[in-house]
Amino acid sequence: MTAAKAPKAKRVLLTGAAGGIGTMLRRKLKGAYAELRLSDIAAPKGLGRDETFVQADLADLAAVEKIVEGVDAIVHLGGVSVEQPWDAIHRANIVGGYNLFEAARRHRVKRVVFASSNHAVGFYRRNRRIGTDAPVRPDSRYGVSKAFGEALAALYADKYGLRVLCIRIGNVTEKPADVRRLSIWISPDDLVQLVRIGLEHPSLTYEIVYGASDNARSWWDNAAAFRLGYRPAGRAEDHLAHALEGQARLPPDPIGDLFEGGPFCSSEFAGDPETRGG
């Protein structure tokens, strides 16, 4: 990574610290910053004596202000991470997202790394390669909430001067689990690299990047990430046999197989597949 090193005194808040990605980042970012403050609605498992945890419901602005107070930067993973009924998405991701950015503004936080998702653009067809300048095409209520988060991040960057990196995360695992994930997979180490770019890059203002490794089958042009110094080390094709084994166990999905969002697109689908999708 070519970005400048983080100041030794940097204090970083990690929301959603009890989730799968939060647990991974918590482990891999340990020692990188002077303080890593963890937050979620419930305490993470295996909390160490040297780790600081502060409980908060993102829908409670006063609680969010407490966890944000005194930090220099935020890695925002918190919220609902799969498709859910609208009320759950709205409370955690829409209201919670607003509260996070508003609290950051009020407490003069310098940077936010926002965990967006590939599902913000899931209704693009797989035969089309898109960059981050393509209009959003969410595949779900969850995807809509991530598109909202990106727009909210742009507002707080342009109007209030926050430095924000939105990462449209593909799928974070040690190995891609099926054929779709050969296109969207990101290794844990590559995701950490992107997060640290968001926390440390000296010229970052507002940017959207794709959270993907060096994938030969990628549907995404990740030039924005490369311009910031991203150099992915993971390669999805190195795990081809594993992905094909996983694919063989999946049921047919003729609608999902057309679109980047896969089963998020086929769930509840009632349109004409010949005319839908970018």
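Structure: see above.
Procedures and definitions
- Residues numbered from 1 in each chain as written.
- Predicted model: local features only at pLDDT ≥ 70, side-chain atom pairs only at ≥ 80, totals over all residues.
- Heavy atoms only, no water.
- Core = buried A, V, L, I, M, F, W, Y, C linked by side-chain atoms within 4.5 Å.
- Buried < 20%, exposed > 50% of the residue type's maximum accessible area, 1.4 Å probe, protein only.
- Helix = DSSP H or I, 4+ residues; strand = E, 2+ residues; numbered from the N terminus.
- Contact = heavy atoms within 4.5 Å.
- Phe/Tyr/Trp six-rings, centres within 6.5 Å; stacked < 30°, edge-to-face > 60°.
- Lys NZ or Arg CZ within 6 Å of the ring centre and 35° of its normal.
- Pairing = 2+ DSSP bridges.
- Axes fitted to C-alpha atoms, helices over the stretch in contact; angles between N-to-C directions.
- Salt bridge = Lys/Arg side-chain N within 4 Å of Asp/Glu carboxyl O.
- Expected span 1.5 Å × (residues − 1).

Another point: the nonpolar core. Grouped together as the largest cluster of nonpolar side chains are 31 residues, with contacts concentrated most on Leu25, Val75, Ile167 and Val195. At the level of secondary structure, the elements contributing two or more residues to this core comprise strand 1 (11-15), helix 1 (20-28), strand 2 (35-39), strand 4 (73-76), strand 5 (111-117), strand 6 (163-169), helix 6 (188-200) and helix 7 (223-227). No other element matches the 6 residues that helix 6 contributes to this core. If near-sequence neighbours (up to four positions away) are discounted, Val75 is found in contact with Val12, Leu13, Leu14, Thr15, Leu25, Val113, Val195 and Leu199. Of all hydrophobic cores here, the second largest spans 24 residues; its members include Ala103, Val112, Val164 and Cys166.

Turning our eyes to something else, we now look at helix 1. Within the span of helix 1, buried status applies to Gly22, Met24, Leu25 and Arg26. Where helix 1 is buried, its residues meet strand 1, strand 2, strand 4, strand 7 (171-172) and helix 6.

Summed over the entire model, instances satisfying the criterion amount to 9 aromatic pairs. Look at Phe123 and Phe259: their rings are 5.0 Å apart centre to centre, the planes differ by 70°, and that puts the pair in the edge-to-face class. In this pair, Phe123 sits in the loop between strand 5 and helix 4 (141-160) while Phe259 sits in the loop between helix 8 (240-248) and helix 9 (263-266), placing the two residues 136 residues apart along the sequence. You'll find Phe123 and Phe259 in the same group, each marked buried. Ring centres of Phe123 and Phe269 lie 6.3 Å apart, and the angle between their planes is 40°; on these two criteria the pair is classed as tilted. Pair noted here: Phe123 is in the loop between strand 5 and helix 4 and Phe269 is in the segment after helix 9, with a separation of 146 residues, a long-range link. Residue Phe123 is classed as buried on the basis of its relative accessible area, which comes to 17%. With relative accessibility at 23%, the residue Phe269 sits in the partly exposed group. A cation sits over an aromatic face here: Arg105 above Tyr160, 5.2 Å from the ring centre. The ring of Tyr124 is capped by Arg137, whose NZ or CZ atom sits 5.6 Å from the centre of that ring.

Time to look at the sheet that holds strand 2. As summarised here, the arrangement of the 7 strands in space is 3-2-1-4-5-6-9, forming an open sheet in which the pairing is parallel. Two strands bound the open sheet, and with one partner strand each, they are strand 3 (52-53) and strand 9 (206-211). Bridge count between strand 5 and strand 6: 7 bridges; the pairing is parallel. Each residue of the ladder has a partner; that of Phe114, found in strand 6, is Cys166. Strands in contact with helix 1 are strand 1, strand 2, strand 4 and strand 6; relative to strand 1, the strand with the most contacts, it is inclined by about 155°. Across the sheet, helix 4 is in contact with strand 5, strand 6 and strand 9; its angle to strand 5 comes to roughly 155°.

Evaluation of the coordinates by the stated rule reveals 18 salt bridges. A salt bridge links Asp72 to Lys110, with the nearest nitrogen and oxygen atoms 3.7 Å apart. Placement of Asp72 in the loop between helix 2 (61-68) and strand 4 and of Lys110 in the loop between helix 3 (86-106) and strand 5 is noted, with a sequence separation of 38 residues between them. What makes Asp72 buried here is its relative accessible area of 10%. Glu102 is the salt-bridge partner of Arg106, the closest N and O atoms lying 2.9 Å from each other.

Here helix 4 spans 28 Å end to end across 20 residues, near enough to the 28 Å set by a 1.5 Å rise per residue. Taken together, the buried residues of helix 4 touch helix 3, strand 5, strand 6, strand 9 and helix 9. Within two residues after helix 4, Gly161 carries a phi angle of roughly 85°, on the positive side.

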